[in-house]
Amino acid sequence: MGGIYMITNDIAQRFIAIVGKENFDDSKMERLVYSYDATPNLQSLPDAIISPRSTKEVSEVVKICNEHYIPIVPRGSGTNLCGGTCPTNGGLVILFKHLNKILEIDEENLTITVQPGVITLDMINTIEEKGLFYPPDPSSMKISTIGGNINENSGGLRGLK
């Protein structure tokens, strides 16, 4: 395990009890997959990867990490070019692939409420159907997530206009 504070088998079992075995992985292969993003020459293994299905599960996972000083790295699609999704101190990579719903479009206040795993282009297409406009357009919008865009401060050229 790569982190200063390891994810022991007991802690792993607590995570599995929260998200289910299919949403927790600490295999060498999966850890390798999430050890890098699109940043050249930057790679560091996490101790495990978890994919919560609800905000309640996220909260429970974060409580355990806080209790055991386990670093957390939130991750969208990992298309960023600045190392922001690389787990430089081991720890837990939290994937938001299950939290991918558009919850509300408030046309009067020009706001949208989404979960972090919503694909950027899906969100853009949804609001454009209502005649609205979302300026940021990261080049990876077909696969990047809105949570990742916010976390990495992604904008794209249209966002400069």
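None of the values given here were measured: they were computed from a predicted structure.

**Quick word on the pattern of salt bridges**
Applying the stated criterion across every chain yields a total of five salt bridges. Two residues, arginine 53 and glutamate 22, come together in a salt bridge whose shortest N-O distance is 3.5 Å. Residue arginine 53 is found in the loop between β2 (48–50) and α3 (55–68), and its partner glutamate 22 is found in the loop between α1 (9–19) and β1 (24–25); the two are separated by 31 residues along the sequence. Judged by its relative accessible area of 37%, arginine 53 is partly exposed. One salt bridge in this structure joins glutamate 60 and lysine 63, with 3.3 Å as the shortest N-O distance. In this pair, glutamate 60 and lysine 63 both sit in helix α3, three residues apart, roughly one turn of the helix. By relative accessible area, which is 48% here, lysine 63 ends up partly exposed. One salt-bridge network, held together by shared partners, links Glu22, Arg53 and Glu57.

**Notes on the sheet that holds strand β4 (residues 92–95)**
Taken together, four strands build an open sheet; the order of strands is β1-β2-β4-β3 and the sheet is mixed. The sheet terminates laterally at β1 and β3 (72–75), the two strands that pair on one side only. Bridge analysis of β2 against β4 gives three bridges, and the strand direction is parallel. Each bridged residue has a counterpart across the sheet, and for isoleucine 50 the counterpart in β4 is isoleucine 94. Strands β2, β3 and β4 of the sheet are contacted by α3, whose axis makes an angle of about 170 degrees with β4.

Cut-off values and rules
- Residues numbered from 1 in each chain as written.
- Predicted model: local features only at pLDDT ≥ 70, side-chain atom pairs only at ≥ 80, totals over all residues.
- Heavy atoms only, no water.
- Salt bridge = Lys/Arg side-chain N within 4 Å of Asp/Glu carboxyl O.
- Helix = DSSP H or I, 4+ residues; strand = E, 2+ residues; numbered from the N terminus.
- Buried < 20%, exposed > 50% of the residue type's maximum accessible area, 1.4 Å probe, protein only.
- Pairing = 2+ DSSP bridges.
- Contact = heavy atoms within 4.5 Å.
- Axes fitted to C-alpha atoms, helices over the stretch in contact; angles between N-to-C directions.

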